[in-house]
Amino acid sequence: LGEHGMERQQQAAPEGAETTPEQFLNDQEHQRGVQRMQQDVADGTRYQIEQGIADPNRTCIAGWSYGGYVAFTASFMNMDIFKCSVAGAGVSDLRAMLRWVRTGSRDNDVNGGGGGGQQSPAYQYWTDAIGDPSRDDAALDQFSAAQNANRVTIPLLIIHGDEFDSIVKHSRWLAMLGSNAYDFLLYVNRWVNYFRRKLGFPYWSLAAYLKHKVKNA
């Protein structure tokens with residue numbers, strides 16, 4: 001990308017690289033975490049523009065998955081910086097996402113999934129991280145593109161779907177296995193860090209550990 005005139009920046013952890021994942025989840029008061037990460041992207045881009053690294057007239061944002069969510073949100077919150085946005089497989093409605101995690105919606109989904117209930121590890125994780133729709137609905141809507149579509153003033157390309165995923169389309173059992181394994185991983189990680197806190201140890205990510213082991217196997 002650099003050979004084509006593109007620059008790269010690496011964001012530090014929100015408000016300093018010393019912030020641990022556990023502190024991040026516990027200290028953000030739910031939606032503040034999403035807000036601060038969005039602000040980090042905006043501040044980093046403004047810095048590059050101010051330094052003459054990026055062209056303010058040709059600066060766009062694109063992302064996939066969580067990056068797609070950031071691109072969605074930038075289309076109505078950061079129009080002063082970005083001239084266009086590409087949101088790939090991003091969440092556009094946080095309350096709808098939480099509802100899907102809690103109750104599921106299998107009628108029109110190739111993958112199905114969701115529907116773990118209020119006590120599921122996935123639902124507990126997300127309500128801890130971004131907010132509980134029973135009490136934080138206004139804050140969730142504030143950072144949801146679907147609830148702010150009338151504020152979008154820049155070109156926005158949305159890419160989303162599950163028909164193109166060969167695993168999801170042709171091997172549903174494998175997709176369900178992965179979904180259940182992920183829920184179990186969140187459940188185990190919660191208890192592992194509960195006991196680590198009791199023993200005075202810092203936060204440790206089981207998911208990151210397993211990912212590293214698989215990657216280097």
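Everything discussed here concerns the structure shown above.
Please read these numbers as outputs of a predicted model, since none were measured by experiment.

Overview of the packing of aromatic side chains
At step 1: Enumeration over the complete set of coordinates arrives at four aromatic pairs.
At step 2: Look at W191 and Y194: their rings are 5.5 Å apart centre to centre, the planes differ by 75 degrees, and that puts the pair in the edge-to-face class. Pair noted here: W191 and Y194 are both in helix 8 (residues 172-198), with a separation of three residues, about one helical turn.
At step 3: Residue classification places W191 among the partly exposed residues on the basis of a relative accessible area of 41%.
At step 4: Look at Y194 and you get partly exposed, because its relative accessible area is 32%.

Focus: the sheet that holds strand 1 (residues 61-64)
At step 1: On the basis of which strands lie adjacent, the open sheet formed by three strands has the order 1-2-3 and parallel pairing. With one partner strand each, in any of the chains shown, strand 1 and strand 3 (156-159) form the two edges of the open sheet. Sheet twist, expressed as the mean angle between neighbouring strand axes with direction ignored, is 5 degrees.
At step 2: The pairing of strand 1 with strand 2 (residues 85-88) spans four bridges and is parallel. Residue pairing for strand 2: W64 is matched across the bridge by G88.
At step 3: Contacts between helix 3 (residues 66-77) and the sheet are confined to strand 1, strand 2 and strand 3, with strand 1 contributing the most and set at about 145 degrees to the helix.

Some remarks on the packing of helix 4 (residues 94-103) against helix 5 (residues 121-130)
When two helices pack together, their arrangement is given by the angle between the helix axes and by the axis-to-axis distance.
At step 1: It is the contact of helix 4 with helix 5, at a shortest axis distance of 9 Å, that shows an interaxial angle of 155 degrees. Regarding the angle of helix 4 to helix 5, the classification is roughly antiparallel. For the element pair helix 4 and helix 5, the recorded crossing hand is left-handed. Along its contact with helix 4, which presents L94, M97, L98, V101 and R102, the element helix 5 presents A122, Y123, W126, T127 and I130.

Points about the nonpolar core
At step 1: One finds I61, Y69, F82, L94, L98, I130 and L140 to be the most contacted residues of the largest nonpolar core, which totals 24 residues.
At step 2: For this core, the elements supplying multiple residues, two or more each, are helix 3, helix 4 and helix 5.
At step 3: Of the residues forming this core, the biggest block, six residues, is contributed by helix 3.

Digging into the side chain of D132
At step 1: With respect to the helices and strands, D132 occurs in the loop between helix 5 and helix 6 (137-142).
At step 2: In this view, D132 contacts Y123, T127, D137 and L140; residues no more than four positions away in its chain are not counted.

What about the state of the cysteines?
At step 1: With the rule as written, the count across this model stands at one disulfide.
At step 2: Each sulfur in the disulfide pair C60 and C84 lies 2.1 Å from the other. Between C60 and C84 the sulfur-sulfur dihedral comes to about 115 degrees; the bridge is accordingly right-handed. On the criterion of sequence distance, the pair formed by C60 in the loop between helix 2 (32-50) and strand 1 and C84 in the loop between helix 3 and strand 2 is long-range, its members being 24 residues apart.
At step 3: Judged by relative accessible area, which is 39%, C60 ranks as partly exposed.
At step 4: By relative accessible area, which is 22% here, C84 ends up partly exposed.

Cut-offs used in this document
Think of each chain on its own: its residues are numbered from 1, step by step along the sequence as written. Local features in this predicted model are restricted to residues whose pLDDT is 70 or higher, and side-chain atom pairs enter the listing and the counts only when it is 80 or higher, whereas totals over whole chains, interfaces and linings include all residues. As a rule here, side-chain values cover all heavy atoms of the structure and leave hydrogens and water aside. When the centres of two rings from Phe, Tyr and Trp lie within 6.5 Å, Trp using its six-membered ring, the rings pair. Their planes under 30 degrees apart give stacked, over 60 give edge-to-face, and anything left gives tilted. Think of it this way: any DSSP run of H or I at least four residues long counts as a helix, any run of E at least two long counts as a strand, and we number them from the N terminus. Each residue gets one of three labels from its accessible area relative to the maximum for its type: buried under 20%, exposed over 50%, partly exposed in between, using a 1.4 Å probe on protein chains only. Paired strands are those between which DSSP finds at least two bridges. Think of each axis as a best-fit line through the C-alpha atoms, taken over the contacting stretch in the case of a helix, with angles from 0 to 180 degrees between the N-to-C directions. In what follows, a contact means two residues having at least one pair of non-hydrogen atoms within 4.5 Å. Angles below 35 degrees are treated as roughly parallel, those above 145 as roughly antiparallel, those between 65 and 115 as roughly perpendicular, and all remaining angles as oblique. The sense of a crossing depends on the near helix, which, turned anticlockwise from the far helix by less than a right angle, makes the crossing left-handed and, turned clockwise, makes it right-handed. We call a set of buried residues a nonpolar core when its members are Ala, Val, Leu, Ile, Met, Phe, Trp, Tyr or Cys and they connect through side-chain atoms within 4.5 Å of each other. Throughout, disulfides are identified as pairs of cysteine sulfur atoms within 2.5 Å of each other.

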